[in-house]
Amino acid sequence: MDPKAACAPPLRIFVAGSCVSRDAFGEPQAGDALVLTSYLARSSLATLACAPASPTPNIAKIASLFQRRMVKADHARQLLALARAGEFDLLLLDLIDERFHLLRREDGAIVTYSNEYAAVAGRPLGGTWIRSGSAEHVHMWRVGLQRLIEALDESGSLAKVRINCVYWAARDVDGKPTHGFSPEVTEAANAFLAERYRDLEAAFGESACLRYPPSALVSDPHHRWGVSAFHYVPALYEETRRRLIESMTSHSSVPQASQLTGSCPTGAAIAPRTRQVELAVSDCGLTASIKGPNAPELEYAFYLMRGPQRVAATWYSPRTTVTLPYPSIPGTYEITAFERQRRAPKPTRKYRTLPVQLPDPACYAAQRWSDHIELYDRDRSLLAVDGVHRVLDDGPSSLDFLLRGFTPGLTRKPLLVCFGGAIVHRRGMAGPFFHGLSLGRACGLPVVCVADPTLTRSADVALAWYAGNDQWPTLYREIARHLDQLAEATKSSLVLVGGSGGGFAALSVLIGLNSVARAIVWNPQTTIARYHPLSVQRYVMCAFPEIARKMGLGRRSADHASREMLAECMERAGVLHDLTRVMPISRAKALYLQNESDTHHIEGHLKPFLASRGLSLEAGQHVMSSDGLTVCLGNWGSGHARPSPQAVAWLVNQVALGRDNEAVARSIVDGEMPQGHQTTATV
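Criteria and thresholds
- Residues numbered from 1 in each chain as written.
- Predicted model: local features only at pLDDT ≥ 70, side-chain atom pairs only at ≥ 80, totals over all residues.
- Heavy atoms only, no water.
- Helix = DSSP H or I, 4+ residues; strand = E, 2+ residues; numbered from the N terminus.
- Buried < 20%, exposed > 50% of the residue type's maximum accessible area, 1.4 Å probe, protein only.
- Contact = heavy atoms within 4.5 Å.
- Areas by Shrake-Rupley, 256 points an atom, 1.4 Å probe, with all protein chains shown as cover.
- Pairing = 2+ DSSP bridges.
- Axes fitted to C-alpha atoms, helices over the stretch in contact; angles between N-to-C directions.
- Polar contact = N/O pair within 3.5 Å; in protein donor to acceptor, adjacent residues only side chain to side chain.
- Expected span 1.5 Å × (residues − 1).
- Core = buried A, V, L, I, M, F, W, Y, C linked by side-chain atoms within 4.5 Å.
- Parallel < 35°, antiparallel > 145°, perpendicular 65-115°, else oblique.
- Left-handed = near helix turned anticlockwise from the far one by under 90°.
- Nonpolar A, V, L, I, M, F, W, Y, C, P; charged D, E, K, R; others polar.
- 1 Å grid on protein atoms, 1.4 Å probe; cavity = no way out; pocket = protein on both sides within 12 Å on 5 of 7 lines; lining within 4 Å.
- Points joined across faces, edges and corners; volume = space filled by probe spheres on them.
- pLDDT = per-residue confidence, 0-100.
- Phe/Tyr/Trp six-rings, centres within 6.5 Å; stacked < 30°, edge-to-face > 60°.
- Lys NZ or Arg CZ within 6 Å of the ring centre and 35° of its normal.

**Brief notes about the overall build of the protein chain**
A tally of regular secondary structure across the protein chain gives 18 helices and 26 strands. Per-residue burial for the protein chain yields a buried fraction of 56% across its 683 residues. Across the protein chain, every contact between residues at least 6 apart in sequence was considered, and the portion connecting residues at least 24 apart equals 69%. Carbon together with sulfur atoms contributes 53% to the accessible area of the protein chain, which is approximately 29,100 Å² in total.

**Quick notes on the sheet that holds strand 2 (residues 34-41)**
Read across the open sheet, the five strands follow the order 2-1-3-7-8; overall the sheet is parallel. At either end of the open sheet lies a strand with only one pairing partner, and these are strand 2 and strand 8 (209-210). In terms of strand pairing, strand 7 (residues 161-164) meets strand 8 through two bridges, oriented parallel. Counted as the bridge partner of Ile163 is Cys209 from strand 8. Here helix 7 (residues 183-204) sits on the sheet and contacts strand 7 and strand 8; the angle it forms with strand 7, its principal contact strand, is near 160 degrees.

**Digging into the side chain of Ser500**
Tracing the backbone shows Ser500 in the loop between strand 22 (494-499) and helix 12 (501-512). A polar contact of 2.9 Å, which involves the side chain of Ser500, links it to the side chain of Gln525. Excluding anything up to four places from it in sequence, Ser500 contacts Trp522, Asn523, Pro524, Gln525 and His640.

**Describing helix 3 (residues 65-76)**
Here helix 3 contains twelve residues, and its C-alpha end-to-end distance of 16 Å stays within 8% of the 16 Å for a straight helix at 1.5 Å per residue. Within helix 3 the residues assigned to the buried category are Met70, Val71, Ala73, Asp74 and His75. Packing partners of the buried residues in helix 3 comprise strand 2, helix 4 (78-85), strand 4 (102-105), strand 5 (110-112) and helix 5 (115-121). Structurally, the start of helix 3 carries an N-cap: the backbone nitrogen of Phe66 is 3.3 Å from a side-chain oxygen of Ser64. Directly after helix 3, the chain includes Arg77, whose backbone phi takes a positive value near 55 degrees.

**A short note on the sheet that holds strand 6 (residues 127-130)**
Pairing is antiparallel in the open sheet, where three strands are placed in the order 5-4-6. Edge positions in the open sheet fall to strand 5 and strand 6, since each of these has one partner strand only. Strand-to-strand, the axes of this sheet are offset by a mean angle of 30 degrees, without reference to chain direction. Note that strand 4 and strand 6 share four bridges and pair antiparallel.

**Observations concerning the nonpolar core**
With 76 residues, the main nonpolar core has Phe419, Ile479, Leu496, Tyr539, Val540 and Leu553 as its most contacted residues. Of all hydrophobic cores here, the second largest spans 65 residues; its members include Ala83, Val161, Ala203 and Phe204.

**A look at the pairing of strand 17 (residues 373-376)**
Residues Glu374 and Tyr376 point to one face of strand 17 and are all buried, whereas Ile373 and Leu375, pointing to the other face, are not buried. As judged from the four bridges shared by strand 17 and strand 18 (residues 387-391), these two strands associate in the parallel manner. Residue pairing across strands places Ile373 opposite Val388, the latter belonging to strand 18.

**Side note on the packing of helix 13 (residues 533-543) against helix 15 (residues 563-573)**
As a packed pair, helix 13 and helix 15 sit with axes 10 Å apart at the nearest point and diverge in direction by 30 degrees. Put simply, helix 13 runs roughly parallel to helix 15. Crossing angle aside, the handedness with which helix 13 passes helix 15 is left-handed. Listed contacts from helix 15 to Pro533, Val536, Gln537, Tyr539 and Val540 of helix 13 are Leu566, Cys569 and Met570. Of the residues that constitute the contact of helix 13 with helix 15, the class distribution is seven nonpolar, one polar and no charged.

**Regarding empty space enclosed by the protein**
Over the atoms rolls a probe the size of a water molecule, and its path tells where empty space is left. Counted under the stated rule, the structure contains four cavities of 30 Å³ or more. Considering only enclosed or pocket space, the largest cavity measures out at about 210 Å³ in volume. Looking at the largest cavity, it is lined by 20 residues, and the ones nearest its centre are Ala16, Gly17, Ser43, Leu45 and Leu79. Counting residues per element, the lining of the largest cavity draws most heavily on helix 3, at three residues.

**Structural notes on the confidence of the model for the protein chain**
Predicted confidence across the protein chain gives a mean pLDDT of 83, with 86% of residues reaching 70 or more. Summarising per-element confidence for the protein chain, the mean pLDDT is lowest in strand 26 (residues 681-682) (30) and highest in strand 21 (residues 447-450) (98). Considering only residues more than four positions removed or in separate chains, one finds that residues 251-273, a stretch of pLDDT under 50, has 50 contacts. Throughout residues 676-683 the model reports pLDDT below 50, and contacts reaching past four residues in sequence, or to other chains, amount to 35 contacts.

**Focus on the side chain of Asn164**
By the element assignment, Asn164 lies in strand 7. At 2.5 Å, the side chain of Asn164 forms a polar contact with the side chain of Tyr212. Among all residues touching Asn164, those that are not within four sequence positions of it are Val20, Ser21, Leu92, Leu93, Asp94, Tyr197, Leu210, Tyr212 and Thr240.

**Structural notes on helix 12**
If you check helix 12, its first and last C-alpha atoms are 17 Å apart, about what twelve residues at 1.5 Å a residue would give, namely 16 Å. Along helix 12, the residues that are buried comprise Gly501, Gly502, Gly503, Phe504, Ala505, Ala506, Leu507, Ser508, Val509, Leu510, Ile511 and Gly512. Tucked into the core, helix 12 has its buried residues touching helix 11 (475-490), strand 22, strand 23 (517-522) and strand 24 (589-595).

**So, the packing of aromatic side chains**
Aromatic ring pairs are reported here in terms of the distance separating the ring centres and the angle at which the planes meet. Going through the model one piece at a time under the given rule, you end up with 15 aromatic pairs. Geometrically, the ring pair formed by Trp168 and Phe230 is edge-to-face, given 5.4 Å between the ring centres and 65 degrees between the ring planes. Residue Trp168 is located in the loop between strand 7 and helix 7, and its partner Phe230 is located in the loop between strand 8 and helix 8 (234-250); the two are separated by 62 residues in the primary sequence. The class of Trp168 is buried, set by a relative accessible area of 11%. Taking 5.2 Å as the distance between ring centres and 90 degrees as the angle between the ring planes, the aromatic pair formed by Phe419 and Tyr466 counts as edge-to-face. With Phe419 in the loop between strand 20 (415-418) and helix 10 (437-443) and Tyr466 in the loop between strand 21 and helix 11, the pair connects residues that are 47 residues apart, well separated along the chain. There is no split in this pair, since Phe419 and Tyr466 are both buried. Members of the aromatic cluster, joined through ring pairs, are Trp465, Tyr531, Tyr539 and Phe544. Sitting over the face of the ring of Trp141, Arg196 holds its NZ or CZ atom 5.4 Å from the ring centroid. Above the face of the Tyr316 ring, Arg340 is positioned so that its terminal group lies 3.7 Å from the ring centre.

**Looking at unusual backbone geometry**
The phi angle of most residues is negative, glycine excepted, and most peptide bonds adopt the trans form. Unlike most non-glycine residues, Arg42 shows phi in positive territory, near 60 degrees. Within the fold, Arg42 resides in the loop between strand 2 and helix 3. Take Arg42: its relative accessible area is 19%, and that puts it in the buried class. Here the phi dihedral of Lys491 falls at roughly 55 degrees; this positive angle occurs in a residue that is not glycine. Position of Lys491 among the secondary structure elements: in the loop between helix 11 and strand 22.

**Comments concerning the pairing of strand 4**
Here three bridges tie strand 4 to strand 5, and the two strands are oriented antiparallel to one another. Bridging across to strand 5, Leu102 finds its partner in Thr112. Connecting the antiparallel pair strand 4 and strand 5 is a turn made up of four residues, with Gly108 showing a positive phi of about 90 degrees.

Laid out in structure tokens, this is it:
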């Protein structure tokens, strides 16, 4: 042994995380290379985004001195103070305790709702939840991380950080599922941890991360703290110690925060004058381009930032031009580009565009629909009150609902849910776009109008089918989940209504619902790629700008963008775009009205839709499929003509009264529908 190493003092370890990291250090022994000097747990990094919270009086009732100290440290944001002091050789972070929700108390303070705090917080709780993993929680977490980075930079301690990248164990050492933890919960927790560890890697560099093979992340049934998905076998803790010691010799210097993120009041690029990033608005979205000498040894990552929040990103690649979606949430935006040597662990330079105010207020005006606007994170249920309800997520656009007719105590009255088709004369009109208010008034029903979030991205897009975009790839499920919650809160059934592109939306959302629900649609598209190519191409370029750019759609005219290419783009994006490929669901009841002179929709949409269910179109017959689909052909005018507003109101009332779809179809045939034209056939 090197005599100098033998007499070297042990490394002082500061653990901020959980017992997962703390348990790697036992009682100090003579000759130990590592010694635990500070330990903080039971606290989310998200709390660092907020001012310190005044102590809860009941904290004094926590019997354990350690537990009481952890709760107090969480309230006081003690991690920032210790980071600024820098009295440690290594700071070991893990994120296992990010599983705890946050509580926004009635006084506005935010604290971690740990088991220890929960024991003395009292019931009922005063305040509201911020659930772990929600959009609001992730936003606060990233702000908190930035404040931790700034505190570490003050003490010159950024290079001291190590990330203990541990995950929940799905199985124990005997190969059995971890007792008390479902596979679904474990998988969701690990997906959240993986995203946050990527954030930490971007901040501190790849070489700061301690990673383990899956074989090491197994639960120990005989762990001293009991069975848990994050109580591991002894070999894991031994490996943590070994890697910490090893990292002290292999970990290269990490740039200080001022080197990476230094701000400049004018918003000028932070890099040599020979290279800069420029921002331009294109027909696909916001395009960022690195301008300067070509450097094949370099690669770039791009972030679209709204204040401190990252709302869209592309990871490192040699590309010097990327396109990110145009935002609909107002705010100050900038694109930040990170430069590094190819496959290097950390960025060497950072470039920023000039900040811009987006979107233009003329492009988005929710207040024109209501003075009451509620904001939600993705996991919060909509309130059953009149107004505009905006669901925010990590992305540039919101999912908006307009509620009307929701009187106090409303229960058991069918809720009318309206989806819009193409917007005529779109230019100069400000989103969000809601449809169905007059229908709700005519029927005397509370109405939920749903706005398509893709339409707020570009004035060139008049129709997006509620199919989703790169922020909301499973939009129909998101809409269905919020509608299910509204239906449960009001003890109501749902009646979904839409024509043409809105008919596609109603049928899609109907598939995702768990509530008692029925749909009334007329002349719907059933496969997006079979609609007019120009409309489909504009949607694809707006909704999936990066995929569209890679496939060269922006350089092709609609005549040369084949249906197969457009379908492939949507397939890569993972959106529901073809209802003929969706298996019927027995609980989904739909009344499908089709104008008989609308040849395009009969041949291109209705017939393939029926064929996918083993049905065929024969005049003069009713056809009922096993999933409750009723199709009725009628004559409401020329081509793509729809039933009159009075006719649609009559249909809604018939369905709301509980008449089954086949009986309603017979009534249409018999001429009972007001202002109805002679129906030539029912199918």
